[in-house]
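Below are the chains, spelled out letter by letter.
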Amino acid sequence: TWCFFHPSMDEQARRRLDLANSLRTALQRDEFHLVYQPQVYADSGRVFGAEALLRWQPTGEGLVSPAEFIPVAEEIGLILPLGEWVIQQACDQARRWQDAGLNCRVAVNVSGVQIYRSDVVAALQRAAQHAGISPALIQLELTESTLIDDSILIQDVIGGLKAIGASVAIDDFGTGYSSLAYLKRFKVDKLKIDRSFIADAATNEEGAAMSRAVISIARSLNMRAIAEGVETADQLAFLLGAGCNEIQGYYFSKPLLPDAFADFAQRHR
């Protein structure tokens, strides 16, 4: 047989191994933190919530992209304690903002591994009780690919989350396994339009059509639609005309540290 090798293959394998080893101690070293990207009502620009985004900065190094370390964390099982840490941090932050007179719902991304290998409902309930807040201040975001793997389990999880008052959104809707059947089966609250549709919605008819379709589906099923990745005034104008409910993206603000988010939200109330 013939085998082909390039030094970059070895470099990638070593990088992945180094990441895995570093991740195992990152929680104990307090190397993770959350930033919060404002979410606003499309028509008024008023801030109503934030998406919590995980950041990792190993000691003495620069930030590592979530696209790089999240798959490794899922592979080695670290995503379970890390996911619970994120939920607890989001609840604690929601409480601090509430104490400061700022009632903001915090959206938290949940990995499929967390859904299938842990009790997300119990984790959120514990975290909310520990923080002294209502679970209604937390929204969990699930990806489409998570929804199709085990419909009975997912249905139970979503039902459990809604029973304790939390809300549920489908992240990056339209990029995976979109099905009207599962939208009927899973009583979610919100559809999140993927940034790839928004990027050229103001100039490309196909992107515009996809965005309008998602917004129309959400409206027809009594859900809300939120667009992520909004970066220009033209994109905002298109989404307003299409009837999108909520917006987030660099046009309004990049992800912010908690104090900076609070200042931003106070200015846009």
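Residues numbered from 1 in each chain as written. Predicted model: local features only at pLDDT ≥ 70, side-chain atom pairs only at ≥ 80, totals over all residues. Heavy atoms only, no water.

As a further point, take the packing of helix H10 (residues 205–220) against helix H11 (residues 233–242). Helix-helix packing is described using two parameters, namely the angle between the two axes and the distance between the axes. One can describe the packing of H10 onto H11 by two numbers: an axis separation of 10 Å at closest approach and a directional angle of 40 degrees. The angle between the axes of H10 and H11 places the two elements in the oblique class. Relative to H11, H10 is oriented so that their crossing is right-handed. Mapping the contact onto sequence places Ala208, Ser211, Arg212, Ile215 and Arg219 in H10 and Phe238, Leu239 and Ala242 in H11. Of the residues that constitute the contact of H10 with H11, the class distribution is 5 nonpolar, 1 polar and 2 charged. (Axes fitted to C-alpha atoms, helices over the stretch in contact; angles between N-to-C directions. Helix = DSSP H or I, 4+ residues; strand = E, 2+ residues; numbered from the N terminus. Parallel < 35°, antiparallel > 145°, perpendicular 65-115°, else oblique. Left-handed = near helix turned anticlockwise from the far one by under 90°. Contact = heavy atoms within 4.5 Å. Nonpolar A, V, L, I, M, F, W, Y, C, P; charged D, E, K, R; others polar.)

Our next topic: unusual backbone geometry. Even without being a glycine, Asp30 presents a positive backbone phi close to 60 degrees. Mapped onto the secondary structure, Asp30 falls in the loop between helix H1 (7–26) and strand S1 (32–41). Residue class for Asp30 comes out exposed when judged on its relative accessible area of 60%. A positive phi is found at Asn222, a non-glycine position, where the angle reads about 60 degrees. Examined against the element boundaries, Asn222 turns out to sit in the loop between H10 and strand S7 (224–227). (Buried < 20%, exposed > 50% of the residue type's maximum accessible area, 1.4 Å probe, protein only.)

For the pair helix H3 (residues 79–99) and helix H5 (residues 120–131), interaxial distance at closest approach is 9 Å and the crossing angle is 35 degrees. Here H3 runs over H5; the crossing is right-handed. Residues Glu84, Ile87, Gln88, Cys91, Asp92 and Arg95 of H3 form the contact with H5, whose participating residues are Ala123, Leu124, Arg126, Ala127, Ala128, His130 and Ala131.

This next bit is on the pairing of S7. Bridge count between strand S6 (residues 190–193) and S7: 4 bridges; the pairing is parallel. In the sheet register, Leu191 faces S7, and the bridge partner there is Ala225. Inspection of the sheet shows S7 paired to strand S8 (residues 246–247) by 2 bridges, in the parallel sense. Paired with Ala227 across the strands is Ile247, a residue of S8. (Pairing = 2+ DSSP bridges.)

Following the criterion strictly, the structure yields 8 aromatic pairs and no others. A centroid spacing of 5.0 Å and a plane angle of 75 degrees characterise the contact between Tyr36 and Trp97, whose relative ring orientation is edge-to-face. Of this pair, Tyr36 sits in strand S1 while Trp97 sits in helix H3, and the two are 61 residues apart along the sequence. We classify Tyr36 as buried; its relative accessible area is 2%. Through successive ring pairs, a cluster of aromatic residues spans Phe32, Trp56, Phe69 and Trp85. (Phe/Tyr/Trp six-rings, centres within 6.5 Å; stacked < 30°, edge-to-face > 60°.)

Ordered by their spatial adjacency, 8 strands build a closed barrel running S1-S2-S3-S4-S5-S6-S7-S8, and the pairing between neighbours is mixed. The pairing of strand S4 (residues 138–143) with strand S5 (residues 167–173) spans 5 bridges and is classified as parallel. Note that in S5 the partner of Glu141 across the bridge is Ala169.

Here we take up the pattern of salt bridges. Close approach of charged atoms allows side chains of opposite charge to pair. Per the stated rule, a full pass over the model turns up 12 salt bridges. In this structure, Glu141 and Lys192 form a salt bridge, with 3.1 Å as the shortest nitrogen-oxygen distance. Of this pair, Glu141 sits in strand S4 while Lys192 sits in strand S6, and the two are 51 residues apart along the sequence. Taken individually, Glu141 and Lys192 each receive the classification buried, so the pair is uniform in this respect. Note that Glu228 is salt-bridged to Lys192, the shortest N-O span being 3.9 Å. Taken together, the residues span a long stretch of sequence, with Glu228 in the loop between S7 and H11 and Lys192 in strand S6 at a distance of 36 residues. A relative accessible area of 7% places Glu228 in the buried class. Taking the relative accessible area as the measure of exposure, Lys192 reaches 0% and is therefore buried. Bridged by salt links that share partners, the residues Glu51, Glu141, Lys192 and Glu228 form one connected network. (Salt bridge = Lys/Arg side-chain N within 4 Å of Asp/Glu carboxyl O.)

Geometric descriptors of this kind do not, in isolation, establish any biological role.
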